[in-house]
Amino acid sequence: MKQQELTSIRIDKWLWAARFFKTRSLAQHAVALGRVYLDGQKIKPAREVKPGDLLRIERGEETFEVEVIGISGIRGPAPAAQQLYAETDASKAKREQMAEMRKLALEPAKTIEKGRPTKRDARRIRQVKTGW
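Let us look at the structure shown here. The shown structure was predicted, so the numbers you read here are calculated from the model rather than taken from an experiment. (Residues numbered from 1 in each chain as written. Predicted model: local features only at pLDDT ≥ 70, side-chain atom pairs only at ≥ 80, totals over all residues. Heavy atoms only, no water.)

What follows concerns the overall build of the chain. The number of helices and strands found in the chain is five helices and seven strands. Start at the N end of the chain and walk to the C end: the helices and strands fall as β-α-α-β-β-β-β-β-α-β-α-α. Its C-alpha atoms give the chain a radius of gyration of 21 Å, clearly above 14 Å, the size a compact globule of 132 residues would have. Looking at the chain alone, contacts between residues at least 24 apart form 45% of all its contacts between residues at least 6 apart. (Helix = DSSP H or I, 4+ residues; strand = E, 2+ residues; numbered from the N terminus. Rg over C-alpha atoms; globule rule 2.2 N^0.38 Å. Contact = heavy atoms within 4.5 Å.)

With that settled, the discussion passes to the nonpolar core. It is characteristic of soluble globular proteins that their nonpolar side chains tend to be buried jointly. Among the nonpolar cores identified, the biggest contains 23 residues, and Ile 11, Trp 14, Leu 15, Phe 20, Leu 55, Ile 57 and Val 66 are the most heavily contacted of them. The set of elements that each furnish at least two residues to this core consists of helix H1 (11-17), helix H2 (24-32), strand E2 (36-38), strand E5 (54-59) and strand E6 (62-68). Of the residues forming this core, the biggest block, four residues, is contributed by H1. Setting aside residues up to four positions removed in sequence, Val 66 forms contacts with Trp 14, Phe 20, Asp 53, Leu 54, Leu 55, Ile 57, Tyr 85, Ala 86 and Glu 87. (Core = buried A, V, L, I, M, F, W, Y, C linked by side-chain atoms within 4.5 Å. Buried < 20%, exposed > 50% of the residue type's maximum accessible area, 1.4 Å probe, protein only.)

Okay, H2 next. Looking at H2, one finds that the buried residues are Ala 27, Ala 30 and Val 31. Buried positions in H2, seen along its axis, are confined to an arc of 100° and lie on one side of it. For H2, the secondary structure elements touched by its buried residues are H1 and E2. (Arc of directions from axis to C-beta.)

Overall, antiparallel pairing links the five strands, which are arranged E3-E2-E5-E6-E7 in an open sheet. Pairing within the sheet leaves two strands with one partner each, and these edge strands are strand E3 (41-42) and strand E7 (85-87). Seen against the sheet, helix H4 (residues 89-104) touches E6 and E7 and runs at an angle of roughly 165° to E6. (Pairing = 2+ DSSP bridges. Axes fitted to C-alpha atoms, helices over the stretch in contact; angles between N-to-C directions.)

Along the chain, Ser 72 falls in the loop between E6 and helix H3 (78-81). At a separation of 3.0 Å, a polar atom in the side chain of Ser 72 contacts the main-chain carbonyl oxygen of Ile 74. Contacts of Ser 72, omitting those with residues within four sequence positions, involve Leu 6, Ile 9, Ala 17 and Leu 84. (Polar contact = N/O pair within 3.5 Å; in protein donor to acceptor, adjacent residues only side chain to side chain.)

All right, on to the pairing of E5 then. In terms of strand pairing, E2 meets E5 through three bridges, oriented antiparallel. Bridging from a neighbouring strand, Val 36 pairs with Ile 57 of E5.

Turning our eyes to something else, we now look at the pattern of salt bridges. On inspection of all chains with the given rule, the structure shows eight salt bridges. Glu 61 is paired through a salt bridge with Arg 102; the nearest N and O atoms lie 3.4 Å apart. Here Glu 61, found in the loop between E5 and E6, pairs with Arg 102, found in helix H4; they are 41 residues apart in sequence, far enough to count as distant. Accessibility expressed as a relative area gives 45% for Glu 61, which makes it partly exposed. Here the residues in one salt-bridge network are Arg 59, Glu 62, Glu 87 and Arg 95, joined through shared partners. (Salt bridge = Lys/Arg side-chain N within 4 Å of Asp/Glu carboxyl O.)

Here's what the structure looks like:
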């Protein structure tokens, strides 16, 4: 049976095929949380995208602004996935600038350890609070 040429596809499946997210469920979750915009508007995971659509994708500290060029329902190698979209020049410049800023000055919140304080930390906290 001959496979039919796709003209549109669900946004979560496209994001996964274009390798913006490692799994399709992560792509669905990001779209549901409002981290993906289609032409400036939040969308739902079942929304169809087609060539020519403009997407803004927020992934961690990075933000991508891309134009959909191709449609694919399968996840291929990275070079094939990069043929599905074209990142805007402004987006590339902004991402490079943000990467340079992260290299120069570390985010203070990144140095804070997460989780429960150690016994030593708890003693220091008590000392500061009570003054002994």
